[in-house]
Structures are given as structure tokens and as C-alpha cells.
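Read off the chains here:
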Amino acid sequence: QVQLVESGGGLVQAGGSLRLSCAASGTIFRINDMGWYRQAPGKQRELVASITSGGNTKYADFVKGRFTISRDNAKNTVYLQMNGLKPEDTVVYYCYAQISVRRILPSQDYWGQGTLVTVSS
């Protein structure tokens, strides 16, 4: 069974920084893409950033220049460094990973439980 456990959310003042972490554990053969989504109440989940196993990254326009995604393949962990936080960044952040649990099986998406980031003005 695969689990994604997030950490690092919390309360920060506008302009401050937080670092989110998400570690995958369990029966893992291979992890392809990893990344972060966020979801505000009553809205659809939206992509924040993603990173391939080779380190190629993608960012939503609203975080470019402020957030940085990285991963440690040896630790099956993805990070999101968030700088220059704004009140509108106050939402729940979810990590995801495309994981294959066996060589013969295709990868599927796994999700973390979500971590709340609150940015005060």
C-alpha cells in the first residue's frame, strides 16, 4: 500500500516563506511525475507545480518566480518552497505522485491528505 504524507503547512505573514514536503512510502517500484495541487473551498483543484523523475518542472502562472518545486528521488520526496506568499495563497495544498507498484503495472495517481497554508495580511 502506498501512502503520501505531507508536512510543512501552517500560518505565515504575507511576504513570508514556507516549505512543504511530501514523502511517499510503501510498495513502490517507480515514481514518475510528482507535484502539488491546491484547492480553495468551492473551487476545482488546480495545479501549482509538477516535476518529472528527470527534474523537468512546470509551474502555474500564479506561482512563477515565487515557488520552487524539487524532489529527492532517493527519499521518494517532493518539496515545494514557497516564497513571497500572498493572502490569496491561503488554501489547502495536496501533493500527488504517479506511482507504479510493480514493474508490469502502469502508474496511477496517489494523493496526500492535504495541508493547509494560511497567509495573513
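Heads up: the structure comes first, above all this text.
Thresholds applied
Residues numbered from 1 in each chain as written. Predicted model: local features only at pLDDT ≥ 70, side-chain atom pairs only at ≥ 80, totals over all residues. Heavy atoms only, no water. Pairing = 2+ DSSP bridges. Helix = DSSP H or I, 4+ residues; strand = E, 2+ residues; numbered from the N terminus. Axes fitted to C-alpha atoms, helices over the stretch in contact; angles between N-to-C directions. Salt bridge = Lys/Arg side-chain N within 4 Å of Asp/Glu carboxyl O. Buried < 20%, exposed > 50% of the residue type's maximum accessible area, 1.4 Å probe, protein only.

Asks: Can you help me understand the sheet that holds strand β8 (residues 77-82) in this one?
Replies: The strands making up a sheet associate through backbone hydrogen bonding, with each pair oriented either parallel or antiparallel. Spatially, the four strands line up as an open sheet ordered β1-β3-β8-β7, and their pairing is antiparallel. Either end of the sheet is taken by a strand with one partner, and the two such strands are β1 (3-7) and β7 (67-72). Direction aside, the axes of adjacent strands within the sheet are offset by 15° on average. Across six bridges, strand β3 (residues 18-25) lies against β8 in antiparallel orientation. Residue pairing across strands places C22 opposite V78, the latter belonging to β8.

Asks: Help me understand the pattern of salt bridges, please; the structure alone is not making it clear to me.
Replies: Here the idea is simple: oppositely charged side chains can pair when their charged atoms come close. For the structure on display, the rule yields four salt bridges. Across the pair D61 and K64 runs a salt bridge, and its minimum N-O distance is 3.2 Å. Residues D61 and K64 agree in their burial class; the two are exposed. Across the pair R66 and D89 runs a salt bridge, and its minimum N-O distance is 2.7 Å. With R66 in the loop between β6 (57-59) and β7 and D89 in the loop between β8 and β9 (91-100), this pair connects stretches of sequence that are 23 residues apart. Exposure remark for R66: the relative accessible area of 13% places this residue in the buried category.

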